[in-house]
Amino acid sequence: MISLARQSLIHEWRKFLPAVMAVGFSGLLLLVQAALVLGIFGSAAVYVTRSSADVWVGYPGTQSVNFGRSIGGDVAMRLHLDPGIAAVEPYVWVEGDWRGRDDTQGAASVFVSGINTSPGAMMFSQVLPDDLRLRLREPGAVIVDRADLEQLNAGVGGEAWINGRLVHVIGVVDGLRGLGGVNVLASLDSARMLDTSNASPGSATYFVAKLRDPAEIESVRVRIKPESAFGPFEVWSADEFASRSQRYWLFDTGAGVAVLFMAVIVFVVGAVITSQSLLALVVASAREYATLNALGVSFTSLARVLVEQSLWVGAIGLVISALFGAALLWLAGHQGVPADMNPVVAIACAVLVMGLAFVSGLVATRGLWRADPAMLLR
Amino acid sequence: MNKQVQNWQGHSIEAQGLCKSFMSGEVTIKVLDGVSIGIAAGELTLISGPSGCGKSTLLSLLSALQKPDAGRVLILGQDITALGQKDLQRFRLEHTGFIFQGFNLFGALTALEQVQLPLGYLGLSDKQARERAMQALEEVDMLHRVASRPAQLSGGEKQRVAMARALAKRPQFLFADEPTSALDGENGHNIVDILHRVAREHGTTVLCVSHDPRLIGSADRVLAMEDGLIGREWRPEKSAHGESNAVK
Ligand SMILES: Nc1ncnc2c1ncn2[C@@H]1O[C@H](COP(=O)(O)OP(=O)(O)OP(=O)(O)O)[C@@H](O)[C@H]1O
Ligand SMILES: [Mg+2]
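On a predicted model such as this, the values are computed, not experimentally measured, just so you know.

A. Structural detail: the site of ligand 1. The local shell around ligand 1 consists of Arg378 of chain A together with Phe22, Val31, Ser51, Gly52, Cys53, Gly54, Lys55, Ser56, Thr57 and Glu178 of chain B. Within the side chain of Ser51 of chain B, a nitrogen or oxygen atom sits 2.5 Å from an oxygen atom of ligand 1. Between an oxygen atom of ligand 1 and a main-chain N or O atom of Gly54 of chain B, the distance comes to 3.0 Å. In isolation ligand 1 exposes 630 Å². Once the protein is present, 72% of that is buried. Of all the elements, helix α2 (residues 55–62) of chain B adds the most residues to the shell around ligand 1, at 3 residues.

Now the structure itself:
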C-alpha cells in the first residue's frame, strides 16, 4: 500500500522542516534539562557513587550524605565481627569555611571528607589514585576538584584556612564536585583536626564496608540489626543511600517540582508549535485530502495518515535531538559541567518526544474539517 | 408524482424534488428549487447553464458529497440521502469516481502512486492495485509519465492522471465538474473522448457539468439549467436513437 505519509516526508521534506525542528528542539531541551538534573542532583551522592563501598552505616534517618551525624566507634567493631563483611572504613564529614591565604574573597563553604589513606581504600576510590591518597597522610594536606580551584582562589601547592586551621592543597582530581558546597578531601586525622565540634574519639560520621559477596547485602543487614549497646545507627546499601541523597535534593528541596514544571512547559510549547506547523500543512493540502475523501477514503483513514506522518516527524526530531544532545553532553563532560544521562531517563525523554509528536498529530487532524469534499464542487 | 415513478425505469440515478439553499449572511439563497431528473447508465450526460445557477451544487447532491435540504437521491434504487457519513464514504469508495476542476494531486506522489493510492483503501493488494493503476493510466494515455510527479506534468497531463485516479476504481458512476475548463482545445478533446469511451465501454454513468461547447456538442444528453431548475433537455444531433426524456 502506498504510504502517503512517508512519500510526503521523503519528497516534500522541506515542508516538514518546521515541525521536525520544533520536535527536535523540544527533545533537545528535555534531554539537556534531564542531563543537568541528573548531573547536578547526581553530584549530591558523589561520596557514595565515587566510592567502592557496598554498605553505608550512619545515623538513623539520615536523609542525605551531607546530613550525617556522628555515630560511635563501637559500630565499626560490630561490623568487623560480621562474617559477611570484608573491610570497614570510617568516613568523617566536617563542614567548614575556606579562607584563602590573602583572605580578600570571603569564605567559601566546604565539605571536608576525612578518608582512609591506605592504598586500595574504599572512599573515593574512583577519583583518587593511590599515590595521591598516600600523600594525604601529611598533616593538613587536602585535595580538591580541579574545577573548584578558581572558586577557592587556590592553586596546587597553595595554602588556605579551613575553620581557622592551615591546610595546603597537594593535588587536584576530577569528578569530585558536589552540591551545596565544595568537596575537600583530607585524611581522617586532618579532618578531625578541622572539626570544631568535639566528637568522641573513634567515632565517625559514617562507617562504610565492603562485603565478601555484594549479593549478600540483605542477610548482612538482617544480622546487623541496630542494637542499643552500640548506640543508634542504620544500615543502607550504597545504591539505596545514593538515591536517598539524590531524592532528598530533588524532591524535598522543591527543585524536582521546578524541573517537572519546566518539562511540562517544554512539552506544551513544543506540542503547540509542532501541531500548528502540522496543521498548516494539512490545511495547505485540504483539497487533496478532500479529493481522497470524495473518492471514498474515510476521514478516519486520513487521520491515520496524519498521525503516521506526525510519528515520523517525531522520530526524525528525536534522532536530531539525540545527536545534538550527545554532542552537548560530550562538551559538558569536557567543560566540567555536571551533566549525566542514563538509559531509563533517555528512554523517558524519547517517550515524551514521541508523545509530543503524537499529540500534535492528533491536533493536526482538526485540519481535516477543512477537507470537506463538497468544497471541490463550486 | 406518478410521472416521476415512470421515469425511474432505466435510470441509474434518480433525483426527486431536490432543494438546496445556502445562508449568505442574513440572506438565504435558494440554489435548487425542486429539481427532479433521471440519469441513465452507459451515456455521457451533461449539465450546462449560466455561472452560479447551481450546476455544481446539483452535482454534489447527485454524487453523495452533500445532502439536500429536501428531496431524495436514489442511486441503483438505494436512497443515499438516508445514509450516514460512514456509509456514504463506503458507498463513494465502492461506486463513484470524481474529476474536479482543480487536479488536486499530491505533490509528493508519482503519477502511478496517485492512481494506486485510493485502490489500497478498496482492499486491493499492492500487485492488483499496481496493475489496475497501470491499466487506468494506459486508458488516459499516460503510460509514458508514470514516474513523474505533478511538478513535472502539464495541465492536461495532470488532468489525465486525476482521471486515471477516478477510473482505476472502476466506478459505476463518474462525476466531473468542469473537467476541461483549465485545458486547451487538444487536451480538452482528449478528456471528452475518454469520458465517452468510459461510458460506452464500461457502461458507466457519466455525469458532467460544463459550459464548454466542445463538451456540449459531444454529450449524449444535455440538461440545461436555469433558476434552480432543469429548463430543457436535448440530445445533440449525432446520437441517432435519442428520444427525449423531458422532466417537466
Ligand atoms: N457552500 C456554499 N455557501 C454559500 N453559498 C454557496 C455555497 N455553495 C454554493 N453557493 C452558492 O450557490 C450558487 C450556485 O453555486 P454553484 O457552485 O452550484 O454554481 P455553478 O452553476 O456551478 O456555477 P459555475 O458555473 O460558476 O461553477 C452560487 O450563487 C453560490 O454562491
Ligand atoms: Mg461550478
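B. Representation of the side chain of Glu233 of chain B. Residue and element names in this part refer to chain B. Tracing the sequence through the fold places Glu233 in strand β10 (residues 229–234). You can call Glu233 buried: its relative accessible area is 12%. Within the local environment of Glu233, its side chain forms a polar contact with the side chain of Arg221, the two groups lying 2.9 Å apart.

C. Broad picture of the interface of chain B and chain A. Residue-level contacts link 33 residues of chain B with 26 residues of chain A. Summing both partners gives a buried area of about 2,800 Å² for chain B against chain A, and 66% of it is carried by carbon and sulfur. Three residues stand out in chain B for area buried against chain A, namely Asn104, Phe106 and Tyr121 of chain B, and they jointly supply 23% of the buried area on that side. Run the count over chain B and chain A and you get 0 salt bridges. For the interface between chain B and chain A, the tally reads 6 residue pairs in polar contact (both at pLDDT 80 or more). Within the residue set of the side of chain B that touches chain A, elements represented by two or more residues are α2, α3 (85–95), β6 (96–99), α4 (111–121) and α6 (155–167) of chain B.

D. Focus on the sheet that holds strand β9 (residues 221–226) of chain B. Residues and elements named next belong to chain B. Within the open sheet, the 6 strands sit side by side as β6-β7-β8-β3-β9-β10. Their pairing is mixed. Each edge of the sheet is formed by a strand with only one pairing partner; in this case those strands are β6 and β10. With direction set aside, neighbouring strand axes in the sheet form an average angle of 20°. Pairing geometry for β9 and β10, over 5 bridges, is antiparallel.

E. A nonpolar patch on the surface, seen in detail. All names here are of chain A. Judged by side-chain polarity, Phe261, Val264, Ile265, Val268, Val269, Val272 and Ile273 come together as a nonpolar surface patch covering roughly 610 Å² of accessible area. Structurally, Phe261 can be placed in helix α10 (residues 255–284). Take Phe261: its relative accessible area is 54%, and that puts it in the exposed class.

F. Up close: the packing of aromatic side chains. Residue and element names in this part refer to chain A. This model, assessed by the stated rule, comprises 16 aromatic pairs over all chains. Considering the side-chain rings of Tyr47 and Phe124, the 6.2 Å spacing of their centres and the 80° angle between planes classify their relative orientation as edge-to-face. One end of the pair, Tyr47, is in helix α3 (residues 46–49); the other, Phe124, is in the loop between β3 (108–115) and α5 (130–135), with 77 residues separating them in the sequence. Note on Tyr47: relative accessible area 2%, which makes it buried. For Phe124, a relative accessible area of 0% translates into the label buried. Aromatic rings pair up to connect Tyr47, Trp56, Tyr91, Trp93, Phe111, Phe124, Tyr206, Trp236 and Phe241 into one cluster.

G. Main features of the environment of Arg232 of chain B. All names here are of chain B. Of note, Arg232 is situated in strand β10. Judged by relative accessible area, which is 54%, Arg232 ranks as exposed. In the structure, Arg232 is positioned 10 residues away from Val222 in sequence and 8.5 Å away in space, judged by C-alpha atoms. Discounting residues that sit within four places of it in the chain, Arg232 has contacts with Val222, Leu223 and Ala224.

H. Main features of the sheet that holds strand β5 (residues 78–79) of chain B. Residue and element names in this part refer to chain B. Ordered by their spatial adjacency, 4 strands build an open sheet running β2-β1-β4-β5, and the pairing between neighbours is antiparallel. Here the strands that pair on one side only, and so sit at the sheet edges, are β2 (27–40) and β5. Of the strand pairs in this sheet, strand β1 (residues 11–24) and strand β4 (residues 70–75) are connected by 5 bridges, and their pairing is antiparallel. Along β4, the bridge assignment pairs Glu14 with Leu74.

I. Up close: the nonpolar core. Counting 69 residues, the largest nonpolar core has Tyr289 of chain A together with Ile37, Leu58 and Leu62 of chain B as the members making the most contacts within it. At 7 residues, helix α2 (residues 13–42) of chain A tops the list of elements feeding residues into this core. The next biggest cluster of nonpolar side chains, apart from the first, holds 39 residues, and it includes Leu112, Leu124, Val146 and Leu153 of chain B.

J. Local environment of helix α4 (residues 74–81) of chain A. Residue and element names in this part refer to chain A. For α4, the full list of buried residues reads Val75, Ala76, Arg78 and Leu79. Taken around the axis of α4, the buried residues stretch over an arc of 160°, which confines them to a single face. For α4, exposure combined with an orientation more than 90 degrees from the buried face picks out Met77, His80 and Leu81. Looking at the buried side of α4, the elements it contacts are β1 (55–58), β2 (85–100), β8 (206–211) and α8 (217–223).

Cut-offs applied
- Residues numbered from 1 in each chain as written.
- Chains lettered and ligands numbered in written order.
- Predicted model: local features only at pLDDT ≥ 70, side-chain atom pairs only at ≥ 80, totals over all residues.
- Heavy atoms only, no water.
- Near = heavy atom within 4 Å.
- Polar contact = N/O pair within 3.5 Å; in protein donor to acceptor, adjacent residues only side chain to side chain.
- Areas by Shrake-Rupley, 256 points an atom, 1.4 Å probe, with all protein chains shown as cover.
- Helix = DSSP H or I, 4+ residues; strand = E, 2+ residues; numbered from the N terminus.
- Buried < 20%, exposed > 50% of the residue type's maximum accessible area, 1.4 Å probe, protein only.
- Contact = heavy atoms within 4.5 Å.
- Buried area = accessible area lost by both parts, 1.4 Å probe.
- Salt bridge = Lys/Arg side-chain N within 4 Å of Asp/Glu carboxyl O.
- Pairing = 2+ DSSP bridges.
- Axes fitted to C-alpha atoms, helices over the stretch in contact; angles between N-to-C directions.
- Patch = residues over 30% accessible without salt bridge, like charges linked within 9 Å, V, L, I, M, F, W, Y side chains within 5 Å.
- Phe/Tyr/Trp six-rings, centres within 6.5 Å; stacked < 30°, edge-to-face > 60°.
- Core = buried A, V, L, I, M, F, W, Y, C linked by side-chain atoms within 4.5 Å.
- Arc of directions from axis to C-beta.

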